[in-house]
Amino acid sequence: MKIPALFALFTAGCSLVPTTVDAPPPAITGQDVRLTLLHTSDLHSRMLPYHYSPLYTDNTLGMPDADELGCEPEDRCYGGLARLSWVIEQERKSAGRCLVLDTGDLFQGAVIFNEYMGDAEMQVMTEIGFDAVVVGNHDFGEGAARLSEVYNAYGNFPFLAANYIFEDPELPWAAELGDYVQRSVMYEMQGLRVGIVGIGNMSSLTSIIDEDNSMDVIPIEVEDAIQRETDLLTSMDADLILVLSHLGLDDDFELARTLANSDVDMILGGHHHVAMVPPPVILNEHTGKRIPVIHSGGFAKYLGRVDIVVRDGEILSTDYELIPIFDHMSMGQDPEIVEILEDYEYWLDQDFELQQVIGYAEETLYRFGSNGGDSMLGNFTADAIRFYDGVETEMAITNTLGIRTDLSAGDIILDGMYNAMPFDNSITTMFLSGREVQEVLDYITSRSSERGCSAQAQVSGIQFIMNCGVGEAQEVLINGVPLDLDGTYELATNDYIANGGSGFDMLERNTTQTDLGISIRDVVISTIKAYHTLPQPGVAEEEARIQVVH
Amino acid sequence: MRVSPALSILLAATITGCNSSPHVDANVLSFLQVSIIAGEQASEEAPLPYSNDEVTVTLKVEALDRNAEPAPFRGTLEVKTQPGTLESDDEIELVDGVWQGDVTLRYPFGPTRVWFTDEEGDGDGREPTFVTGVSDALWYDLPTIAQVQATDDHELNNLKGEYTTIRAVDRRVIVLAVGQSGMWVTDLDDPPGDYNSLFIYTYNKPEYSTPEGDVADEDIIYAVPGQRLASLGGGNQEYLATTQLSFPQYDFYEGEILTVPDPVELEPDDLCSDDIMERLEGGLVRAQNLTIPSFEYGPESDFYSYGQWPVEFEGGDGCSFYAESGAQVPGFYPSDHIGESLPYIQGLVTEVWGKWIILPRDADDIAIYTETSRKAQPPRRPSAHPRGAGRF
């Protein structure tokens, strides 16, 4: 009989008060009890340290620029799980009751995942000793079967999602994964019982299914899932209930505000790679309870530390600190993690020569435009796709979020290209009518207007006004000529949005698609090598291809 | 060992921590109990008035053992307050398990608690326990916008770094203007132009919501000027030296729209004073009798990078300032008007490290604005703050 992975009771702690093994827990009733939560999210396979150009917002969160640190790209001064683990260990030593939590998306974002499909991530998370990890949408990046396989091989931490059901008699590994993924977990730490409910992402289900990469899960209503688990945890005398969520920022806010369940005390979230300092405290409209919502960024750039004082099951006060992870004199590396990763690093270097210099950026090539329109890296990528030998279409469109990082000023290292373009997408061409082109650009405008009027796609051969005020693409030019609604145009794009990813349904239904099987990352790499130095006039520059009007 | 839920549920809950020891001191510190000895605690329903002045309370801290009995603990505790700033010593010494003394706070608001933590050990080999006790809540009223903004330093505010809830429920706090990524709010119950305005960064165009909840997605209604806020809170930041609340939470009084006040008139010398401009930050102002001086608009210019263009008072009075109009008035090309008179410009005041900028809300805020043919112009680079910082 399959035993449902409903719930588990564990014990944990960091540097707890010395006590005898047989001693009963302290009498916490009526007393103040401190709990420390160490929080990461969206590690996205950034097991190895990397180089990047911190944004102003990063600077305000304590992350220094590379030149302040004297770091060159090859020094890889930022992030890395060996550094993160070292910091976690230091923080554990300066905490009593303590839990180490991650809110999902361990996978996809670096070459180590492309090559080893999660082995390194699972080993490292287990070695660090995470007390709970939520299943994120990118953890299905190589499919649910692979997730099950790699967790079975290396995972040894509670892997949570209360709102997914894994049931498909046709897929034997689905039941296996269902056994591994728990709905909730409870920790007892010196008398304090902390229940943790995991909530997986819902918004990505459609896109992932649409691109024929199903997560193979059946989602259930989030509130119902939380209610069921909090009922269980409360019946087990939980003093505190935390929700670990990969729903995303707005959904977490909404949940905190509208959740009728009065037992949830805090939400720790992920998915949007946002670090919020100080964290918002949301007033629940049903219960009047103040629920902190914690997001601590992504890519192992930061470790979030939350200190809570609890009395009789109520959070009395909260303190939050975001600790930047970068190379400096007082930061070490966890030798155990270094040891795990050095084999991977060695072989990646052997196979890919990841540290080879493929070009030079005279300034940082940004993936987002400075005014919300077309971007340097977006234009370069779209041009690279469009003009590649054998592609050569009239226009190209690629989703901005398919480019995951900027390319920092200085030498462009091959490794950085896997960070910037971690997805193994290929070029797809298709023919569109002028009306369909207009529909695509209107959709881009509408979607962008919901995201700070920041262009959610990058284009080549196309110029238009992205009017976020009315949600329409206006004054569309194709290679300098006004769009002919009755005309026919050939488009090159990536297979992700061609298959309807990110809501591009109008592309998915196109029957003229041809997947050329050409890796977009390889195309971009070879184009960088061809130009070597970027930007150049008309290459990797912002060109007002997408002009923003509010 | 694989974590098996079916087995792990059976695990006994008796494990010790990383630095644990099998030997125990029965009197080891397990809890700290904090009592308010003197100083008004007030209540949520009847809080003490908010003040930027110092507040002193007398507290007593007692060490307890694992049975919640008094423990003869001797050691140093660290002190801090949430929220607010601690003005008195951040360490106290517990002797025979007890300390009593004064703690001085500044900028407390809402439920404020003082933390005491055994954080440092004693240097004689005693490891810290990280045991923490907090005072019961000292209830203070929420700060008004002006109480948050009023500082001597134009690059700071009093509650920077705090999740700041603004006193709105019994004030006439309204939306002054709405941009693509946020809104400006002002408190009509304070004198205009005296720290009473604030920018709220919402990332997307701010939506209207009421205490009954947001409207449905398919029926998004945006906030409009004049709407009165019932509540407002957010992460308090100084973004490029302009105060803003980010990741805000807010609600409006349903159907209540008040008149947006007229802009505050700027005198030429006002622009020479960071102190005066700081008072106006986030607020609506108007400057008159102006001219657009010659300025660089090539690729290396502030105009190209940020859409900012200079404005001077006619006759060279006072100090010059900048305007930024690309996003809200995209058809206006200031380079076409160099040397021309500008009867007035009005808009919202923002700061970028001592550079004072007026953000017109629309074409009506620039007196000489006339619609210019877009096609006759070279591609214009619309305004932008450093990445991710767009106001409108």
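On a predicted model such as this, the values are computed, not experimentally measured, just so you know.

About the thresholds
- Residues numbered from 1 in each chain as written.
- Chains lettered and ligands numbered in written order.
- Predicted model: local features only at pLDDT ≥ 70, side-chain atom pairs only at ≥ 80, totals over all residues.
- Helix = DSSP H or I, 4+ residues; strand = E, 2+ residues; numbered from the N terminus.
- Rg over C-alpha atoms; globule rule 2.2 N^0.38 Å.
- Buried ≥ 20, exposed ≤ 12 C-beta atoms within 10 Å, placed from the backbone.
- Pairing = 2+ DSSP bridges.
- Contact = placed C-beta atoms within 7 Å.
- Axes fitted to C-alpha atoms, helices over the stretch in contact; angles between N-to-C directions.
- Expected span 1.5 Å × (residues − 1).
- Domains from an automatic or database assignment.
- Nonpolar A, V, L, I, M, F, W, Y, C, P; charged D, E, K, R; others polar.
- Right-handed = clockwise from strand over helix to strand, strands pointing away.
- Parallel < 35°, antiparallel > 145°, perpendicular 65-115°, else oblique.
- Left-handed = near helix turned anticlockwise from the far one by under 90°.
- Core = buried A, V, L, I, M, F, W, Y, C linked by C-beta atoms within 7 Å.
- Arc of directions from axis to C-beta.

Trainee: Tell me about the overall build of chain A, residues and numbers included.
Mentor: A count of helical and extended segments in chain A gives 17 helices and 28 strands. Relative to the compact-globule value of 24 Å for 550 residues, chain A shows a C-alpha radius of gyration of 24 Å, a close match. Projecting the C-alpha coordinates of chain A onto the three principal axes gives extents of approximately 80 × 45 × 45 Å. Out of the 550 residues in chain A, the part that is buried amounts to 58%.

Trainee: Which residues make up the sheet that holds strand β24 (residues 481–482) of chain A, and what values do they have?
Mentor: Residues and elements named next belong to chain A. Pairing in this open sheet of four strands is mixed, and the strands run β24-β23-β22-β28 from one edge to the other. In the strand order of this sheet, the two ends are held by β24 and β28 (546–549), each with one partner. The pairing of strand β22 (residues 462–467) with strand β23 (residues 472–478) spans five bridges and is classified as antiparallel. When the sheet's bridge partners are listed, M466 is paired in β23 with A473. Across the sheet, helix α14 (residues 434–449) lies against β22 and β23, angled at about 135 degrees from β23, the strand it touches most.

Trainee: Give me helix α12 (residues 376–387) of chain A: which residues, what numbers.
Mentor: Residue and element names in this part refer to chain A. In this model, α12 (12 residues) spans 16 Å end to end at C-alpha, consistent with the 16 Å of a helix rising 1.5 Å per residue. Burial within α12 is extensive, with 11 of its 12 residues counted as buried. Within the span of α12, buried status applies to M376, L377, G378, N379, F380, T381, A382, D383, A384, I385 and R386. Looking at the buried positions of α12, the neighbouring elements they touch are β18 (395–399), β20 (426–433), β21 (457–460), β25 (488–494), α17 (520–531) and β27 (533–534).

Trainee: Would you mind going over the domain arrangement of chain B in detail, with residue names and values included?
Mentor: Residue and element names in this part refer to chain B. Looking at the assigned domains, one finds that chain B contains domain 1 (24–140), domain 2 (145–257) and domain 3 (264–376). Between the C-alpha centres of domain 2 and domain 3 there is a distance of 24 Å. Across the boundary between the two partners, domain 2 contributes 19 residues, which contact 19 residues of domain 3. When residues of the side of domain 2 that touches domain 3 are traced back to their parent elements, those giving at least two are β11 (173–178), β12 (182–187), β13 (197–201) and β17 (242–257). Examining the composition of the side of domain 2 that touches domain 3, we find that three residues originate from one element, β13, more than from any other. Among the residues forming the side of domain 2 that touches domain 3, the class breakdown is nine nonpolar, nine polar and one charged.

Trainee: Got a sec to walk through the pairing of strand β19 (residues 284–291) of chain B? Specific residues and values, please.
Mentor: If a strand is regular, its side chains alternate between the two faces of the sheet. All names here are of chain B. The sheet contact formed by strand β18 (residues 264–265) and β19 spans two bridges and is parallel. The residue bridging V264 from the neighbouring strand is V285, located in β19. Following the chain from β18 across helix α3 (residues 274–280) to the adjacent parallel β19, one finds a crossover that is right-handed. Relative to strand β22 (residues 341–352), β19 is paired through seven bridges, and the arrangement is antiparallel.

Trainee: So what's going on with the packing of helix α3 (residues 81–93) of chain A against helix α11 (residues 335–352) of chain A? Residues and values would help.
Mentor: Residue and element names in this part refer to chain A. For the pair α3 and α11, interaxial distance at closest approach is 8 Å and the crossing angle is 165 degrees. Taken together, α3 and α11 sit at an angle that is classed as roughly antiparallel. The handedness of the crossing between α3 and α11 comes out as right-handed. Contacts between α3 and α11 involve L81, A82 and S85 from the first element and I337, V338 and L341 from the second. Split by residue class, the contact of α3 with α11 holds five nonpolar, one polar and no charged.

Trainee: Which residues make up the environment of A223 of chain B, and what values do they have?
Mentor: All names here are of chain B. You can see A223 is positioned in the loop between β15 (213–214) and β16 (227–239). You can call A223 buried: it has 22 C-beta atoms within 10 Å. Put simply, A223 and F252 are 29 residues apart on the chain and 8.9 Å apart in space, counted from C-alpha to C-alpha. Setting aside residues up to four positions removed in sequence, A223 forms contacts with V175, V178, M183, P206, E207 and Y208.

Trainee: Describe in detail the domain arrangement of chain A, supporting the description with residues and values.
Mentor: Residue and element names in this part refer to chain A. Parsing chain A into structural domains produces domain 1 (9–14 + 29–343) and domain 2 (357–549). The gap between the C-alpha centroids of domain 1 and domain 2 is 32 Å. If you look at the interface, domain 1 gives 17 residues, while domain 2 gives 22 residues. For the side of domain 1 that touches domain 2, the secondary-structure elements that each account for two or more residues are α4 (111–116) and α8 (203–210). The greatest single-element share of the side of domain 1 that touches domain 2, amounting to three residues, is contributed by α4. Its residues assigned to classes, the side of domain 1 that touches domain 2 shows six nonpolar, six polar and five charged.

Trainee: Could you give me a rundown of the nonpolar core, with the residues and numbers involved?
Mentor: Formed by 252 residues in total, the largest nonpolar core has its most connected members in L160, V194, I199 and L244 of chain A together with V185 of chain B. Not counting the four nearest positions on each side in its chain, L244 of chain A is found in contact with L101, T103, A132, V134, L160, I196, G198, I199 and L268 of chain A.

Trainee: Talk me through the sheet that holds strand β16 (residues 314–324) of chain A; I want residue IDs and the actual numbers.
Mentor: All names here are of chain A. The sheet built from seven strands is open, its strands ordered β7-β5-β4-β3-β2-β15-β16 with mixed pairing. Two strands bound the open sheet, and with one partner strand each, they are β7 (181–182) and β16. As defined by bridge partners, strand β4 (residues 132–134) adjoins strand β5 (residues 159–160) across two bridges and the pair is classed as parallel. For V133, the partnering residue across the bridge sits in β5 and is F159.

Trainee: Describe in detail helix α7 (residues 172–180) of chain A, supporting the description with residues and values.
Mentor: Residues and elements named next belong to chain A. For α7, every residue scored as buried is listed here: A174, L177, G178 and Y180. Buried residues along α7 cover an arc of 160 degrees about the axis, so they all sit on one side. Contact partners of the buried residues in α7: α6 (144–154), β5 and β7.

Trainee: Quick rundown of the packing of helix α5 (residues 119–128) of chain A against α6 of chain A? Include the residues and the values.
Mentor: Between two packed helices, what matters for the description is the angle formed by their axes and the separation of those axes. Residue and element names in this part refer to chain A. It is at 9 Å that the axes of α5 and α6 come closest, and there the two elements cross at 40 degrees. The angle between the axes of α5 and α6 places the two elements in the oblique class. In this structure, α5 meets α6 at a crossing whose hand is right-handed. In this structure, α5 contributes D119, M122, Q123 and T126 to the contact, and α6 contributes V150, Y151, A153 and Y154. Taken together, the residues of the contact of α5 with α6 sort by class into five nonpolar, two polar and one charged.

Trainee: Could you give me a rundown of the environment of V34 of chain B, with the residues and numbers involved?
Mentor: All names here are of chain B. Its place among the elements puts V34 in strand β1 (residues 31–38). Using a count of 20 C-beta atoms within 10 Å as the deciding quantity, one classes V34 as buried. In this structure, the C-alpha to C-alpha distance between V34 and Y253, residues 219 residues apart in sequence, is 39 Å. Other than its neighbours up to four places away in sequence, V34 contacts L59, V61, V114, F116, G133, V134 and S135.

Trainee: Describe unusual backbone geometry, and please don't skip the residues or the numbers.
Mentor: Most peptide bonds take the trans configuration, and most residues that are not glycine carry a negative phi. The omega torsion across V277 of chain A and P278 of chain A is 0 degrees, close enough to zero to call that bond cis. With respect to the element layout, P278 of chain A can be found in the loop between β12 (266–269) and β13 (281–283). Omega for the bond connecting Q82 of chain B with P83 of chain B falls within 30 degrees of zero, at -10 degrees, which places this linkage in the cis form. Of note, P83 of chain B is situated in the loop between β3 (75–82) and β4 (85–86).

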